[in-house]
Amino acid sequence: MVQAYKFALDPNAGQERALRSHCGAARAAYNWAVSWVTASWWQRRAEASYGIGEEGLTPWRAWSLPALRKEFNRVKTADPRFAEWWEENSKEAYSTGLANAAAAFDNYAKSRQGRRKGCRVGVPRRKPKRKARLTCRFTTGTIRLEPDGRHVTLPRLGTIRTHEPTHKLLTRIQAGTARLLSATVRYERGRWFVSLQVETAREIIRVARPDVAVGIDLGVKYLAILADSSGRTRYEPNPKHLEGVLRLLRFHSRRVCRRQGPDRRAGRKPSRRWEKANRERNRLHHRVANLRADALHKFTTRVRAEYGTVVVEDLNVAGMLRNRRLARHVADAGFGEIRRQLTYKGRRNACPTIVADRWYPSSKTCSACGAVKAKLPLHVRVFICDACGLVLDRDENSARNLVALVEACTTGTGVAGDQDTPGVSKPRGADHKTHPQRPGRNAGRGGWASGASLPHPRRKETGDRRQDAERNSRIGDTVTDLSDGNIWNAESH
């Protein structure tokens, strides 16, 4: 399997300047690729407004990685934006920016064609210097761990000391059970990290209770309520790391506001007192993020080491964050991260993860008799069944219903998203939203995202795609969704 090992770095002043230079080179290459591709789009739009036919328009520029890399290598020696300094950095820095630009245009194309899940993706835009993430990926060159277990060597950057020992990964590499594939350096939470992508042989570890399933209901009062198939129920307390430092965070935020901060419109630079206060405030945010990540990893590892089957809900976390009363608490709990960790840690132990349908009424269904309530407001925290008289905590009742879905998925009812059986109607007919979706304010307008005036350039790039991509494109409009095993027609959606 392929997994990543992440280590914190302790670079000196010269190495930190080199790291920032490589990340800045990746951002410059990305911005060049975005400008180079979209320039032909606007040129064609202007020519079309003059009445020029399709045959006389400027040809589309390909955005595949080989095409971008070929054009960039041609212009980098003559373009004044790169000619004086491009030799200072590794070629992998520029390849990182070009690869990110190619992936961004591919995501935009798939989103327009309806072949990409999630929110609609717009046209790639240039990355500003002040907001862009500092990251760079190395796939070729000298990438190794030093024998002392405290240094890592990267192309053009040399040997950099790691903040923590690397003996665990070094032992696997020396034994021949692991092989380095790539390295990615990133600046986040106030320090530099290196993530080593490794192909390794990992043994499957048997869990403590392989025949026991558990349903996990996430919440704010308690981080999670776990109800297993043996009848045991546990409450996982919510650490609320942000709540613990909120008062101190307000104090530092007020102090930052009283200092002279940066103002780009007036050309004002921040004062040193502002920079010092801002660093102290950011240190609090970084500590909260580190504590939250540590707590979630310990919780998910403990669950995956004990139970064979885990049932979770498909929560609309993005919608929850729009609620101004719950957004801070939901973000502090990390609902999406919990599900992600439970899923990939379950693959390591060869244990399944069942995701309940988003419209399955786990909170409204009685775990004793199966009666479903028509309405259950969020402020009602105790579930009272009108049919059998069951009185139970709302979240515990939901966790019991989730663990009951294991039998439903095994027998093939389709309620829990069983891939081997045809899907059936969910309780109360809640298969989809019943209220209509209103079109956006910009629907139907001209521009890049709407597609009313700019044809899709991907149709002219068949020569730049690989053979497997061409083979998939000849299949037609029938697309296979690998995530749930369903085959659907793109024209019907």
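The structure presented is a predicted model; accordingly, all values stated were derived computationally and were not measured.

(A) View of the confidence of the model for the chain. Confidence along the chain averages 84 in pLDDT terms, with 83% of residues attaining 70 or more. Confidence drops under a pLDDT of 50 for residues 412-493, and excluding neighbours within four residues, the segment shows 99 contacts in the predicted structure.

(B) Highlighting the nonpolar core. With 50 residues, the main nonpolar core has Trp 32, Trp 41, Leu 68, Val 194 and Leu 196 as its most contacted residues. Among the elements that take part in this core, helix 1 (residues 13-49) stands out by supplying 12 residues, more than any other.

(C) Looking closely at a nonpolar patch on the surface. A surface patch of nonpolar side chains, about 250 Å² in accessible area, is lined by Val 382, Ile 384 and Val 391. A residue is classified by how much of its surface remains accessible, and Val 382, at 41% relative accessible area, is partly exposed.

(D) Focus on the environment of Ala 33. Locating Ala 33 in the fold gives a position in helix 1. Along the primary structure Ala 33 and Ala 99 are separated by 66 residues, whereas in three dimensions their C-alpha atoms are 9.6 Å apart.

(E) Spatial organisation of the sheet that holds strand 6 (residues 178-188). If you trace the four strands from one edge of the open sheet to the other, you get 1-7-6-2, paired in antiparallel fashion. The open sheet has two edge strands with one neighbour each: strand 1 (2-8) and strand 2 (135-138). In this sheet, adjacent strand axes meet at a mean angle of 20 degrees when their direction is disregarded. In this sheet, strand 7 (residues 191-200) lies alongside strand 6 in antiparallel orientation, the contact comprising 10 bridges. Paired with Tyr 187 across the strands is Trp 192, a residue of strand 7. Sheet strands in contact with helix 1 are strand 2, strand 6 and strand 7, and its direction is about 90 degrees off that of strand 2.

(F) Spatial organisation of the packing of helix 1 against helix 3 (residues 91-112). Orientation of helix 1 relative to helix 3, taken along the N-to-C sense of each, is 40 degrees, at an axis distance of 7 Å. By the angle class used here, helix 1 and helix 3 are oblique. Crossing handedness for the pair helix 1 and helix 3: right-handed. Each of His 22, Ala 25, Ala 26, Ala 29, Tyr 30, Trp 32, Ala 33, Val 34, Val 37, Thr 38 and Trp 41 in helix 1 lies in contact with helix 3, whose residues at this interface are Ala 93, Tyr 94, Thr 96, Gly 97, Leu 98, Asn 100, Ala 101, Ala 104, Phe 105 and Tyr 108. Within the contact of helix 1 with helix 3, the residues separate by chemical class into 16 nonpolar, five polar and no charged.

(G) Up close: the pattern of salt bridges. Summed over all chains, the structure comprises 24 salt bridges. For Arg 265, the salt bridge is made with Asp 263, and the minimal N-O distance between the two is 3.9 Å. Relative accessible area serves as the criterion here: at 82%, Arg 265 is assigned to the exposed category. Of the charged contacts in the structure, one is a salt bridge between Arg 292 and Asp 332, with a shortest N-O distance of 2.9 Å.

(H) Broad picture of the sheet that holds strand 9 (residues 222-228). Judged by pairing direction, the sheet is mixed, and its five strands sit side by side in the order 10-9-8-11-12 without closing on themselves. The strands lining the two open edges of the sheet, one partner per strand, are strand 10 (233-237) and strand 12 (353-356). Going across the sheet, the axis of each strand differs from the next one's by a mean of 25 degrees, ignoring polarity. Taken together, the five bridges between strand 9 and strand 10 define a ladder with antiparallel strand orientation. Residue Tyr 222 lies in a different strand from strand 10, and its bridge partner there is Pro 237. Relative to strand 11 (residues 307-313), helix 6 (residues 272-306) is tilted by about 130 degrees, and along the sheet it contacts strand 8 (209-218), strand 9, strand 10, strand 11 and strand 12. Helix-sheet contacts for helix 9 (residues 335-348) involve strand 8, strand 9, strand 11 and strand 12, and the interaxial angle to strand 11 is about 150 degrees.

(I) Spotlight on the side chain of Glu 71. Residue placement: Glu 71 occurs in helix 2 (residues 65-75). Under the relative-accessibility criterion, Glu 71 is labelled buried at 15%. Beyond its immediate chain neighbours, meaning those up to four positions away, Glu 71 contacts Trp 32 and Trp 36.

(J) Structural context of the packing of helix 2 against helix 3. Where helix 2 meets helix 3, the closest approach of the two axes is 9 Å, and the angle between their N-to-C directions is 135 degrees. One element, helix 2, and the other, helix 3, form an angle in the oblique class. Pair helix 2 / helix 3 crosses with right-handed handedness. Residues Leu 65, Leu 68, Arg 69 and Phe 72 of helix 2 form the contact with helix 3, whose own contacting residues are Tyr 94, Ser 95, Leu 98, Ala 99, Ala 101 and Ala 102. Broken down by class, the residue content of the contact of helix 2 with helix 3 amounts to eight nonpolar, one polar and one charged.

What counts as what
- Residues numbered from 1 in each chain as written.
- Predicted model: local features only at pLDDT ≥ 70, side-chain atom pairs only at ≥ 80, totals over all residues.
- Heavy atoms only, no water.
- pLDDT = per-residue confidence, 0-100.
- Contact = heavy atoms within 4.5 Å.
- Core = buried A, V, L, I, M, F, W, Y, C linked by side-chain atoms within 4.5 Å.
- Buried < 20%, exposed > 50% of the residue type's maximum accessible area, 1.4 Å probe, protein only.
- Helix = DSSP H or I, 4+ residues; strand = E, 2+ residues; numbered from the N terminus.
- Patch = residues over 30% accessible without salt bridge, like charges linked within 9 Å, V, L, I, M, F, W, Y side chains within 5 Å.
- Areas by Shrake-Rupley, 256 points an atom, 1.4 Å probe, with all protein chains shown as cover.
- Salt bridge = Lys/Arg side-chain N within 4 Å of Asp/Glu carboxyl O.
- Pairing = 2+ DSSP bridges.
- Axes fitted to C-alpha atoms, helices over the stretch in contact; angles between N-to-C directions.
- Parallel < 35°, antiparallel > 145°, perpendicular 65-115°, else oblique.
- Left-handed = near helix turned anticlockwise from the far one by under 90°.
- Nonpolar A, V, L, I, M, F, W, Y, C, P; charged D, E, K, R; others polar.

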